[in-house]
Amino acid sequence: MLVVVPVSSHDEPLIEDFCDIVRFFSLYKSHSLLVVHRPFDVKFGQTVFERLNRKFGESTIFEFPENGPIGWPSGPNHYWSETIKYLESKKNKMPWFWMEMDTTPIENNWLDSLSKEYELCGKLCLGSLIQLPASSCPHLDGVAVYPPNLSKICNSWKSISPVIAFDVWCREEIHKQSAQSKTIQQNFRSSNYMCTDSGLIGDSKKKQNSVVRKECMVVHGCVDGSLARLILNKERPDGVVYTDE
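It should be emphasised that the depicted structure is a prediction, and the values quoted were computed from it without experimental measurement.

Enquirer: Help me understand the pairing of strand S12 (residues 199–204), please; the structure alone is not making it clear to me.
Expert: Where a strand is regular, its side chains alternate between the two sheet faces. Pairing of strand S11 (residues 184–196) with S12 involves five bridges; the strand directions are antiparallel. Paired with Ser 191 across the bridge in S12 is Asp 203. Between S11 and the antiparallel strand that follows it, S12, lie two residues. As judged from the two bridges shared by S12 and strand S13 (residues 210–211), these two strands associate in the antiparallel manner. Bridge pairing in S13 links Gly 202 to Ser 210.

Below is the structure:
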């Protein structure tokens, strides 16, 4: 599997914790890494690439031709669509895992397990399927596994709205080809993780605790690095701030 890590300046507070936790579970020699960044965020992309590239069988870093827009959701949308263009130009043959910086592995062999789950799921995409109240159909959370050539199942990525997140924009096409993952769990904008008698629990902006399922191996949505630090038994640094892209 190809792990794609998008890196921008807004990720700076999470880079150390993200790289530390990925390196901690570093059994990735049968997998590949792709780090992507825009031109004016080159130093952040290079930092992540230098920290992680030797842990994978093959590693590549790619700088987009243009900086593109800044801010959410147009910034992440630009990253996602430019990455798809790049993968298709390279005739990529591997399924790829879009691993944003607020994604935290929490178990050994997480990537092997995710890859195996994808092989057996019977669908072309794998991740967390989410039903929004105002939506007519569920959408696949952006941190997910996608087929080598996404254009075979989705054309809407070529014209993403600047005001709608890419995973919501493309939901009509992608959700039909998606399976619910047991390995990945989305805990939307969660923070302040603790280890309790009930397991790993974080605070959530949904005004409810984000409890990590026992079978989960990858959590998407920890915005303060606390889950990685908890796994690594690291002290919380002062002044950590995370804002939307």
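The rest of the description comes next.
Enquirer: What should I look at first to understand the packing of aromatic side chains in this one?
Expert: Any two aromatic rings considered together are summarised by their centre-to-centre distance and by the angle between their planes. Across all of its chains, the model carries 12 aromatic pairs by this definition. When the centroid spacing of 4.0 Å and the interplanar angle of 20° are considered together, the rings of Phe 62 and Tyr 86 count as stacked. Remark: Tyr 86 occurs in helix H3 (residues 74–89) and Phe 62 occurs in strand S3 (residues 56–63); sequence separation between them is 24 residues. Residue Phe 62 is classed as buried on the basis of its relative accessible area of 18%. Look at Phe 64 and Tyr 79: their rings are 4.9 Å apart centre to centre, the planes differ by 90°, and that puts the pair in the edge-to-face class. In this pair, Phe 64 sits in the loop between S3 and H3 while Tyr 79 sits in helix H3, placing the two residues 15 residues apart along the sequence. Classification of Tyr 79 as buried rests on a relative accessible area of 4%. The structure contains a cluster of three or more aromatic residues connected by ring pairs, namely Trp 80, Trp 96, Trp 98, Tyr 146 and Phe 166.

Enquirer: Looking at this structure, I do not really get the side chain of Glu 117. What am I missing?
Expert: Inspection of the secondary structure assignment puts Glu 117 in helix H4 (residues 110–120). Among buried charged residues, Glu 117 stands out as having no salt bridge; its nearest opposite-charge side chain is Lys 182, 6.8 Å away. Here Lys 182 takes part through its backbone nitrogen, which lies 2.7 Å from a polar atom of the side chain of Glu 117. Apart from the residues lying within four places of it in its own chain, the contact partners of Glu 117 are Leu 126, Gln 180, Ser 181, Lys 182 and Thr 183.

Enquirer: Mind showing me how you'd approach the sheet that holds S12 here?
Expert: The sheet built from five strands is open, its strands ordered S5-S14-S11-S12-S13 with mixed pairing. The sheet is open, and its two edges are formed by strand S5 (103–105) and S13, each paired on a single side.

Enquirer: Hey, could you run me through the pairing of strand S14 (residues 218–222) in this one?
Expert: The element S14 is extensively covered by neighbouring structure, given that five of its five residues are classed as buried. Looking at chain direction, S5 and S14 are connected through three bridges and run antiparallel. Paired with Pro 105 across the two strands is Val 218, which belongs to S14. Pairing of S11 with S14 involves four bridges; the strand directions are parallel. Paired with Ser 190 across the strands is Cys 222, a residue of S14.

Thresholds, definitions, all that
Residues numbered from 1 in each chain as written. Predicted model: local features only at pLDDT ≥ 70, side-chain atom pairs only at ≥ 80, totals over all residues. Heavy atoms only, no water. Pairing = 2+ DSSP bridges. Helix = DSSP H or I, 4+ residues; strand = E, 2+ residues; numbered from the N terminus. Phe/Tyr/Trp six-rings, centres within 6.5 Å; stacked < 30°, edge-to-face > 60°. Buried < 20%, exposed > 50% of the residue type's maximum accessible area, 1.4 Å probe, protein only. Lys, Arg positive; Asp, Glu negative; His and termini not counted. Salt bridge = Lys/Arg side-chain N within 4 Å of Asp/Glu carboxyl O. Polar contact = N/O pair within 3.5 Å; in protein donor to acceptor, adjacent residues only side chain to side chain. Contact = heavy atoms within 4.5 Å.

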